[in-house]
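The lines below spell out each chain.
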Amino acid sequence: MGACQNKSGPRRPSGRAAARKARFFRFEPAALILLGTVLLCGCSVIIPEPGDKYVDGRLQITYWEKWPGFEGQAIQRVVDRFNERQDRIYVNLVTMSQIDRKALVAIAGGDPPDLVGLWSAGLSQFAEKRALMPLEPFMEKAGMSSDAFLEVFLEQNTYRGTLYGLPTTPATTALHYNKRLFREAGLDPERPPRTLAELDEMAAKLTRYNENGHLVQVGFTPSEPGWWPWAWGYWFGGTLWDGERVTFDTPENLAAWEWIQSYPEKYGAEELRRFQSGNTGQFASPQNAFFAERVAMIVQGVWMASFIDTFAPDLEWGAAPFPAAVPGLENVAMVECDSICIPVGARHPDEAFEFMQYLCSQEGLELLNMGHKKFTPLKEVSPAFLAGHPNPYIELFIELAKSPNAFYAPVMSTWYEYNDEITPAFDRVMFGESSARAAVTLVQERVTGIWERARRGIERRERAEKEAAP
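Residues numbered from 1 in each chain as written. Predicted model: local features only at pLDDT ≥ 70, side-chain atom pairs only at ≥ 80, totals over all residues. Heavy atoms only, no water.

### Topic: the overall build of the protein
Using the following cut-off: Numbered from the N terminus, helices here are DSSP runs of H or I no shorter than four residues, and strands are runs of E no shorter than two. Buried residues are those whose accessible area, probed at 1.4 Å on protein chains only, stays under 20% of the maximum for their type, while exposed residues exceed 50% and partly exposed ones sit between those limits. Residue contacts are counted whenever heavy atoms from the two residues lie within 4.5 Å of one another. Exposure was quantified through the Shrake-Rupley algorithm and a 1.4 Å probe, taking into account, for residues, occlusion by the shown protein chains and nothing else.
The number of helices and strands found in the protein is 18 helices and 13 strands. When each of the 470 residues of the protein is scored for burial, the buried share is 53%. Long-range pairs, those at least 24 residues apart, make up 74% of the contacts in the protein between residues at least 6 apart in sequence. Summing over all exposed atoms, the protein offers an accessible surface of approximately 20700 Å²; the carbon and sulfur share of this is 52%.

Shown next, in the form of structure tokens:
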């Protein structure tokens, strides 16, 4: 490959990059020869700064990502393909545990990576701390449009009107159910529940006890796997935040939590606790309650097919939208995504965005998400991607992402604190230690106080920034 080739997309240096070049030419006479070569060649080059690292003559940029295992192998393939396609930039991929905490420490210390992969739910915390670079200027210079992405994923990467991340691996949730257990209970395995009332009725038929009266199989329980206790209100038409105010104590959310409470009332809080304590296997193991056919119906994400193939390959399963409690409310689904961002203080933001541009192309995202066994956050997908996808329900998950009733965690700087209040409240209701109304009221009061303190701080900071602006 010739030195002037760049197949990963156009590169337009920022003002910072131009300033680096100007300083280099001022103090290094040899740069005049280099400049002549560049002009004759008709392409741009990367001018070194003190402390830069190079691999085979290419500038090295550092990318922190959180994925181990097969997910880490998938992003490594994307990195390798980018590195092979041009000869100016070398992306060094580093797998990082506890990436949220370590990235904030590195940014605060002035030594961040050039790129960092975050969870979309935590992006607002970084943005509020001014720890991420806005992406619109990079996209404008590169001629990259946001129109290619599904809006629901861009929204999760936008904080107070500014885009701070681009979505990489998206996910939606759906009802997963055991077709064999459906048949044994006299249910049609090709006809999953279409309303929440039907789900409750089917759950009762799918629940079994042993001779001692203990649960050995549960049709459904909101506490399995219990990963998103904050989400149930959306299937009742509720929300958690209206952009300015915490809305946890609405009638819709209260109805959802009264439905949650109906399960310990039906089966007994202690009996449910005993049943779940027997599900000792980790999620990624054959002892997973769904894989072991101890739970017939669960809410899970698009990734579930991959784990079924690994840990329960003989499981006969189906997927469908989780049914809503409100007539006419269809295709309700929780959506989330991983995001790629440029930290404030990154040494090489232009080069970092050049890799982002390739990663977020149709080719890059399909390569990554085929490895993750997910779909892409783009509106368009190639026929080959769908035809070769290992998840037999992948088009369902894509349609759920496009649904007007798709929802996601509120993009607010105090979301983690909000969720930290919901989770123990859910456990208290689920295991008979609190009424639904008492739990909902307490969460509303506590989170309102947390948010109001944060809001005043945000407003003070924005006023100070506005006053300091030229």
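### Comments concerning a positive patch on the surface
Note the cut-off: Like-charged residues are merged into a patch within 9 Å and nonpolar side chains (Val, Leu, Ile, Met, Phe, Trp, Tyr) within 5 Å, provided each residue has over 30% relative accessible area and no salt bridge. In what follows, salt bridge is the name for a side-chain nitrogen of Lys or Arg lying within 4 Å of a carboxyl oxygen of Asp or Glu. We score Asp and Glu as negative and Lys and Arg as positive, and we do not count His or the chain ends. Charge positions come from single atoms, namely NZ of Lys, CZ of Arg, CG of Asp or CD of Glu.
Judged by side-chain charge, R453, R456, R460 and R463 come together as a positively charged surface patch. Mapped onto the secondary structure, R460 falls in helix α18 (residues 436-468).

### Structural notes on the nonpolar core
Heads up, the rule is: We define a nonpolar core as any set of buried Ala, Val, Leu, Ile, Met, Phe, Trp, Tyr and Cys residues linked to one another through side-chain atoms lying within 4.5 Å.
Grouped together as the largest cluster of nonpolar side chains are 107 residues, with contacts concentrated most on W230, W232, W257, W259, M297, F322 and Y418. Examining the composition of this core, we find that eight residues originate from one element, α18, more than from any other. In this structure, W232 is in contact with F220, P222, A256, W259, I260, V299, F322 and F426, ignoring residues within four places of it in sequence. Formed by 35 residues, the second largest nonpolar core is a distinct cluster that contains L93, F138, L166 and L368.

### Quick word on the packing of helix α10 (residues 251-267) against helix α17 (residues 415-430)
Our working rule: Structural elements are reduced to axes, namely lines fitted to C-alpha atoms, with helices fitted over the stretch in contact, and the angle between N-to-C directions of any two is expressed from 0 to 180 degrees. Each angle gets one of four labels, with under 35 degrees taken as roughly parallel, over 145 as roughly antiparallel, 65 to 115 as roughly perpendicular, and the rest as oblique. Throughout, the ten residues Ala, Val, Leu, Ile, Met, Phe, Trp, Tyr, Cys and Pro are labelled nonpolar, Asp, Glu, Lys and Arg are labelled charged, and all others, Gly among them, are labelled polar.
Closest axis-to-axis distance for the α10/α17 pair is 8 Å, and the angle between their directions is 45 degrees. Considered as vectors, α10 and α17 are oriented oblique to each other. Across the interface between the two elements, W257, I260, Q261, Y263 and P264 from α10 touch I422, A425, F426, V429 and M430 from α17. Partitioned by chemical class, the residues of the contact of α10 with α17 number nine nonpolar, one polar and no charged.

### Examining the environment of N331
Turning to its location among the elements, N331 is positioned in the loop between β11 (317-320) and β12 (333-341). Residue N331 is classed as partly exposed on the basis of its relative accessible area, which comes to 33%. Taking the C-alpha atoms as reference points, N331 and E399, separated by 68 residues in sequence, lie 8.3 Å from one another.

### With respect to the confidence of the model for the protein
Interpretation of this model should avoid reading the predicted coordinates in detail wherever pLDDT is low. The cut-off we apply is this: pLDDT runs from 0 to 100 and stands for how confident the predictor is about each residue.
Scored by pLDDT, the protein comes out at a mean of 90, with 89% of its residues at no less than 70. In this model, residues 1-44 is a region of pLDDT below 50 whose contacts with residues beyond four sequence positions or in other chains number 60 contacts.

### Considerations on the environment of F397
Topologically, F397 is positioned in helix α16 (residues 394-402). A relative accessible area of 0% means that F397 is categorised as buried. With 23 residues separating them in the primary sequence, F397 and K374 have C-alpha atoms 8.7 Å apart.

### Quick notes on the pattern of salt bridges
Scanning all chains against the criterion turns up 22 salt bridges. In this structure, R180 engages E293 in a salt bridge whose closest nitrogen and oxygen atoms are separated by 3.1 Å. Of this pair, R180 sits in helix α8 (residues 179-184) while E293 is found in the loop between α11 (269-277) and β10 (297-301), placing the two residues 113 residues apart along the sequence. Residue E293 is classed as partly exposed on the basis of its relative accessible area of 24%. One continuous salt-bridge network, built from bridges that share partners, spans E65, K66, D338 and K374.

### Details of the packing of helix α9 (residues 196-205) against α10
Helix-helix packing is characterised by the crossing angle of the two axes and by the distance between the axes. Formally: If you view the pair so one helix is near and one far, a crossing is left-handed when the near helix is turned anticlockwise from the far one by less than a right angle, and right-handed when it is turned clockwise.
Taken N-terminus to C-terminus, the directions of α9 and α10 make an angle of 20 degrees; their axes are 13 Å apart at the nearest point. Taken together, the axis directions place α9 and α10 in an arrangement best described as roughly parallel. The way α9 lies across α10 gives a crossing that is right-handed. Together, L196, L199, D200, A203 and A204 of α9 and W259, Y263, K266 and Y267 of α10 make up the contact between the two elements. Residue composition of the contact of α9 with α10, by class: seven nonpolar, no polar and two charged.

### A word on the packing of aromatic side chains
Spelled out, the test is: Two rings from Phe, Tyr or Trp (for Trp, the six-membered ring) form a pair when their centres are within 6.5 Å of each other. A pair whose planes differ by under 30 degrees is stacked, one over 60 is edge-to-face, and the rest are tilted.
This structure, assessed with the given rule, holds 36 aromatic pairs. With a centroid separation of 5.9 Å and an interplanar angle of 75 degrees, the aromatic rings of F220 and Y263 are classed as edge-to-face. Here the residue F220 occupies a position in the loop between β9 (215-217) and α10, and Y263 occupies one in helix α10, the gap between them amounting to 43 residues. Since its relative accessible area comes to 0%, Y263 is described here as buried. Pairing Y263 with Y267 gives two aromatic rings, centres 6.0 Å apart and planes at 45 degrees, and the pair type is tilted.

### Focus on the side chain of N288
Mapped onto the fold, N288 is located in the loop between α11 and β10. Looking at N288, the relative accessible area reads 6%, which means it is buried.

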